[in-house]
Amino acid sequence: MSEAPAPVVILISGRGSNLQAILDENRAGRLPIEIRAVISNNPDAEGLQHARVAGVPTEIINHSDYAERSLFDAALMQAIDRHAPRLVILAGFMRILGEAFIRHYAGRLLNIHPSLLPALKGLNTHTRALVAGAKQHGASVHFVTNDLDGGPVIVQASVPVRTGDTADTLAARVLHEEHRILPLAIRWFVEGRLSIHNGQVLLDGEIRPEQGLVAVPKQRTEATK
Ligand code: GRF
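Analysis parameters
Residues numbered from 1 in each chain as written. Predicted model: local features only at pLDDT ≥ 70, side-chain atom pairs only at ≥ 80, totals over all residues. Heavy atoms only, no water. Salt bridge = Lys/Arg side-chain N within 4 Å of Asp/Glu carboxyl O. Helix = DSSP H or I, 4+ residues; strand = E, 2+ residues; numbered from the N terminus. Buried < 20%, exposed > 50% of the residue type's maximum accessible area, 1.4 Å probe, protein only. 1 Å grid on protein atoms, 1.4 Å probe; cavity = no way out; pocket = protein on both sides within 12 Å on 5 of 7 lines; lining within 4 Å. Points joined across faces, edges and corners; volume = space filled by probe spheres on them. Nonpolar A, V, L, I, M, F, W, Y, C, P; charged D, E, K, R; others polar. Pairing = 2+ DSSP bridges. Axes fitted to C-alpha atoms, helices over the stretch in contact; angles between N-to-C directions. Near = heavy atom within 4 Å. Polar contact = N/O pair within 3.5 Å; in protein donor to acceptor, adjacent residues only side chain to side chain. Areas by Shrake-Rupley, 256 points an atom, 1.4 Å probe, with all protein chains shown as cover. Sits in = over half its atoms within 2 Å of the grid points. Core = buried A, V, L, I, M, F, W, Y, C linked by side-chain atoms within 4.5 Å. Contact = heavy atoms within 4.5 Å. Phe/Tyr/Trp six-rings, centres within 6.5 Å; stacked < 30°, edge-to-face > 60°.

Draft legend 1. Seen up close, the pattern of salt bridges. In this structure the tally under the stated criterion is nine salt bridges. One salt bridge in this structure joins Asp204 and Arg193, with 2.8 Å as the shortest N-O distance. A residue pair is termed long-range when its members are at least 10 positions apart, and Asp204 in the loop between strand E9 (200–203) and strand E10 (206–207) and Arg193 in the loop between helix H6 (167–190) and strand E8 (194–197) qualify at 11 residues. Note on Asp204: relative accessible area 46%, which makes it partly exposed. Beyond isolated ion pairs, a larger network of salt bridges with shared partners links Arg187, Glu191, Arg193 and Asp204.

Right under this line is the structure:
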């Protein structure tokens, strides 16, 4: 296929390692997207530097410049829409978005969340997984709806919780998987392979099993048994 790469906008708030994973896949020619802008609500987000190094335009819409969330959301929408993206990607974007925003991008707004949704919605998922004594933890990519962290799941990856894990060691193991499944879900989307039917995600017309939990072939060389 020689279609033009899909225009996307990526929103970040911090470190930007998921953004870097997307930039890497894109540069390697495995992700047919044109990243029109990286927008951060946090002027000090480290991830902005990753975008600059890659030559991607950056913008800051600082939430603390707005008296109300609806005004911040409106400014953000305006900034995004100037780039006419087919897809908007929340890659570690840490602000809750309002209804009007979510409605405007319905079906083309993806988020990565560090848990096996629907388990552990919200913050501090790694600590909460440890406290709950979970044996498995992981990450999910989902379409964003007004149900916070509750939108239809596209793909998940699980990791074992090991004896002696701390929130940091567990987070690192999960993050490794995030960097694999977020670009994968983006690729499926821009290739036109995803759809939503009755609130469920379909890939190539097949309903994703168990809220999206599937074995995703690993491209790494290390043993995964
Ligand atoms: C990731 O764990 C992501 O799942 C969560 O926030 C973290 C962002 O990390 N939403 P980074 O900024 O992509 O490094």
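Draft legend 2. Fine view of the layout of surface pockets. Empty space within the largest pocket amounts to approximately 890 Å³. Looking at the lining of the largest pocket, the elements with two or more residues in it are helix H1 (17–27), helix H4 (99–104), strand E5 (109–113), helix H5 (125–131) and H6. When its residues are assigned to classes, the lining of the largest pocket shows 14 nonpolar, 15 polar and seven charged.

Draft legend 3. Quick look at the sheet that holds strand E4 (residues 87–90). Strand order in the open sheet formed by seven strands is E3-E2-E1-E4-E5-E6-E7, with mixed pairing between adjacent strands. On the outer flanks of this sheet lie strand E3 (58–60) and strand E7 (153–160), each paired with one strand and no other. For this sheet the average axis-to-axis angle between neighbouring strands, irrespective of direction, equals 20°. Two strands pair when backbone bridges link them, and strand E2 (residues 33–40) and E3 are joined in this way by three bridges, in the parallel orientation. Paired with Ser40 across the strands is Ile60, a residue of E3.

Draft legend 4. Here's a closer look at the site of the ligand. For the ligand, the full set of nearby residues is Arg15, Gly16, Ser17, Asn18, Gly92, Ile112, Pro114 and Glu178. Here an oxygen atom of the ligand and a backbone polar atom of Gly16 are 2.8 Å apart. Here an oxygen atom of the ligand sits 2.9 Å away from a polar atom, N or O, in the main chain of Asn18. Within the complex, the protein chains bury 88% of what would otherwise be the 360 Å² of accessible surface of the ligand. A majority-of-atoms criterion places the ligand in the largest pocket. Residues of the shell around the ligand, tallied by class, amount to two nonpolar, four polar and two charged.

Draft legend 5. Here's a closer look at the nonpolar core. Ranked by size, the top nonpolar core spans 42 residues in total, and within it Ile10, Ile22, Ile35, Ile89, Val141, Ile154 and Ile186 carry the most contacts. The element that contributes the greatest number of residues to this core is H6, accounting for 10 residues. Excluding residues within four positions of it along the chain, Ile89 makes contact with Val8, Val9, Ile10, Leu11, Ile22, Leu110, Leu182 and Ile186. If you look at the next biggest cluster of nonpolar residues, it comprises 20 residues, including Leu76, Met77, Val88 and Ile102.

Draft legend 6. Quick peek at the packing of aromatic side chains. Taken as a whole, this structure holds three aromatic pairs when the rule is applied. When the ring of Phe101 is compared with that of Tyr105, the centres are 4.8 Å apart and the planes differ by 50°; the resulting orientation is tilted. The residues Phe101 and Tyr105 share a single accessibility class, namely buried.

Draft legend 7. Here's a closer look at the sheet that holds E9. The strand order across the open sheet built from three strands is E8-E9-E10, with neighbouring strands paired in antiparallel fashion. Every other strand in the sheet has two partners, leaving E8 and E10 as the edge strands with one partner each. Sheet topology note: the E9/E10 ladder contains two bridges and is antiparallel. Paired with Leu202 across the bridge in E10 is Ile207.

Purely spatial values, then, with no claim about function.
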